[in-house]
Amino acid sequence: MTTRISRITRSLCRTTAISLALAGTLVVLGGAAESASARILAERDVCATDFGASARGGHGADHRDVSASEQKSIDAQTARILRDKTGSATVAPTQFGGSIPVYVHVMRTASGGDDVTDSQIAQQIDVLNATYAGQESSTAANTGFTFSLVGTYRYNNNTWNRDGASAKYRSQTRKGGPNALNIWLVDFSYLGIATFPWDYAKNPSIDGIRVQYSSLPGGSSTNFNLGETATHEAGHWLGLYHTFQGGCTTTNDSVADTPAQGSASSGCPAGRDSCSLPGTDPIHNYMDYSYDSCYTEFTAGQSSRMSSMFTAYRA
Ligand SMILES: [Zn+2]
């Protein structure tokens, strides 16, 4: 654990060490309630984005690190599962037409602060549906995913409001099965943190996305208050990496039609080209770190990957 903390701390995920300490305490106090693998997952998924320092991020991924070798192994495993389930290693986006049930957990302060309105939550669901339907650009993919709000739950707890005891509060409040998107709205130093679909089986109780409550439509997060942080985090939850995953490599984000990108974008830098590989940076892609107003699309390749991932791990 010490090694993991210092490695992540060096990558400037400043609050991670605190979260890790909390996670470690939980494991000790929780005794046999959490397995060793669950503990590792709980520790590894907390490295996240400090949006206060530079736009959406730039200080480490808002999901657990996945090395190039693990990336290859995950892709091979997914193809095996899909062949077993469907007879084909990939799934066409049109094959998935279902609606994803959404549970929203509003983690307010003890006195009821940091709340969001039901109207904001409804608008957030609308943003998820519009962005996953490709409605923000003529070149955007219609992923076929739709989102339907099933329940909203409000809690008054200062620790949970700050994302403290995160693994514990998620396991206590999570609703639904692998196909259910749980959104925990908290007040932390990040815009959002997500778990990946291939980790669900190992630790289902923490599966979902944590989102800065002020990033919802009408919230106070300047440049990040159009609700597209949830779109981005749900992209991870459906198996997408950042468009800058792997940097300037041909493997990149395991998606062929997103040009390789050397690092995260900040703001909306038109014409940015951070790699000598073909294509300019996909700054309008929901899986970059651009401003919400700059976000307009998922690609067909990302749409296909999400359908494959959903079919393999969440269907
Ligand atoms: Zn991300």
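Note that this is a predicted model, so its numbers are computed, not measured.

Chemist: What is the right way to read the overall build of the protein chain from this model?
Modeler: Counting secondary structure elements, the protein chain contains 9 helices and 5 strands. From first element to last, N terminus to C terminus, the protein chain shows the α and β order α-α-α-α-β-α-β-α-α-β-β-β-α-α. Once local pairs closer than 6 in sequence are excluded, the contacts in the protein chain between residues at least 24 apart make up 68%.

Chemist: How do you make sense of helix α5 (residues 118-132) when you look at a structure like this?
Modeler: In an α-helix, one turn spans 3.6 residues; hence positions three or four apart end up facing the same way. Compared with an ideal rise of 1.5 Å per residue, which puts 15 residues at 21 Å, α5 spans 21 Å between its outermost C-alpha atoms and is within 8% of the ideal. Gln120, Ile121, Gln124, Val127, Leu128, Thr131 and Tyr132 are the residues of α5 that are buried. Down the axis, α5 shows its buried residues gathered within 115° of arc, on one side only. The exposed set on the far side of α5, more than 90 degrees from its buried face, consists of Asp118, Ser119 and Ala122. The positive-phi residue at the C-terminal boundary of α5 is Gly134, with phi of around 75°.

Chemist: Could you clarify how one ought to interpret the sheet that holds strand β4 (residues 192-194) in this entry?
Modeler: Hydrogen bonding along the main chain pairs the strands of a sheet, whether they run parallel or antiparallel. The strand order β2-β1-β3-β5-β4 describes an open sheet built from 5 strands, whose pairing is mixed. Bordering the open sheet on either side are β2 (146-156) and β4, each of which pairs with just one other strand. On average, each strand axis in the sheet is tilted by 20° relative to the strand beside it, whichever way the strands run. Here β4 pairs with strand β5 (residues 209-212) via 3 bridges, running antiparallel. When the bridges of β5 are listed, Ile193 appears paired with Arg210.

Chemist: How should I be thinking about unusual backbone geometry in this particular structure?
Modeler: For Asp163, which is not glycine, the phi torsion reads 65° and is therefore positive. A positive phi angle, close to 45°, is found at Asn252, a residue other than glycine. Along the chain, Asn252 falls in the loop between α8 (228-237) and α9 (300-314).

Chemist: Would you explain the confidence of the model for the protein chain in this entry?
Modeler: Low-pLDDT portions of the prediction should not be read for the details of their coordinates. Summing up the model confidence of the protein chain, the mean pLDDT is 83 and the portion of residues at 70 or higher is 79%. For residues 1-55, every residue scores under 50 in pLDDT, and the model assigns this stretch 85 contacts once sequence neighbours within four places are set aside.

Chemist: What am I meant to see in the nonpolar core here?
Modeler: A general feature of soluble globular proteins is that nonpolar side chains tend to end up buried together. Ranked by internal contacts, the top residues of the largest apolar core, which has 51 residues, are Leu181, Ile183, Leu185, Ile209, Ala230, Ala234 and Leu238. Setting aside anything within four residues of it in sequence, one finds Leu185 in contact with Val104, His105, Val106, Met107, Val116, Val211 and Tyr213.

Chemist: I keep staring at the packing of helix α4 (residues 68-86) against α9 and nothing clicks. Help me out?
Modeler: Following both chains from N to C, one finds α4 and α9 inclined at 70°, their axes separated by 9 Å at the closest point. The angle between α4 and α9 places the two elements in the roughly perpendicular class. Contact residues: Thr78, Ile81, Leu82, Lys85 and Thr86 in α4; Ser308, Met309, Thr311 and Ala312 in α9. In terms of residue class, the contact of α4 with α9 is built from 4 nonpolar, 4 polar and 1 charged.

Chemist: Where do I start with the pairing of β5 in this structure?
Modeler: In regular strands, side chains alternate between the two faces of the sheet. Along β5, one buried face is formed by Ile209 and Val211 and the opposite face, lined by Arg210 and Gln212, is buried too. By the bridge criterion, 4 bridges tie strand β3 (residues 181-186) to β5 in an arrangement that is parallel. Bridging across to β5, Trp184 finds its partner in Arg210.

Chemist: Please explain the pairing of β2 as it appears in this structure.
Modeler: Bridge count for strand β1 (residues 99-108) against β2 is 10 bridges, and the pairing is parallel. Opposite Ile100, over in β2, you have Phe147 as the bridge partner. One crossover worth recording links β1 to the parallel β2 by way of α5, and it is right-handed.

What counts and what doesn't
- Residues numbered from 1 in each chain as written.
- Predicted model: local features only at pLDDT ≥ 70, side-chain atom pairs only at ≥ 80, totals over all residues.
- Helix = DSSP H or I, 4+ residues; strand = E, 2+ residues; numbered from the N terminus.
- Contact = placed C-beta atoms within 7 Å.
- Expected span 1.5 Å × (residues − 1).
- Buried ≥ 20, exposed ≤ 12 C-beta atoms within 10 Å, placed from the backbone.
- Arc of directions from axis to C-beta.
- Pairing = 2+ DSSP bridges.
- Axes fitted to C-alpha atoms, helices over the stretch in contact; angles between N-to-C directions.
- pLDDT = per-residue confidence, 0-100.
- Core = buried A, V, L, I, M, F, W, Y, C linked by C-beta atoms within 7 Å.
- Parallel < 35°, antiparallel > 145°, perpendicular 65-115°, else oblique.
- Nonpolar A, V, L, I, M, F, W, Y, C, P; charged D, E, K, R; others polar.
- Right-handed = clockwise from strand over helix to strand, strands pointing away.

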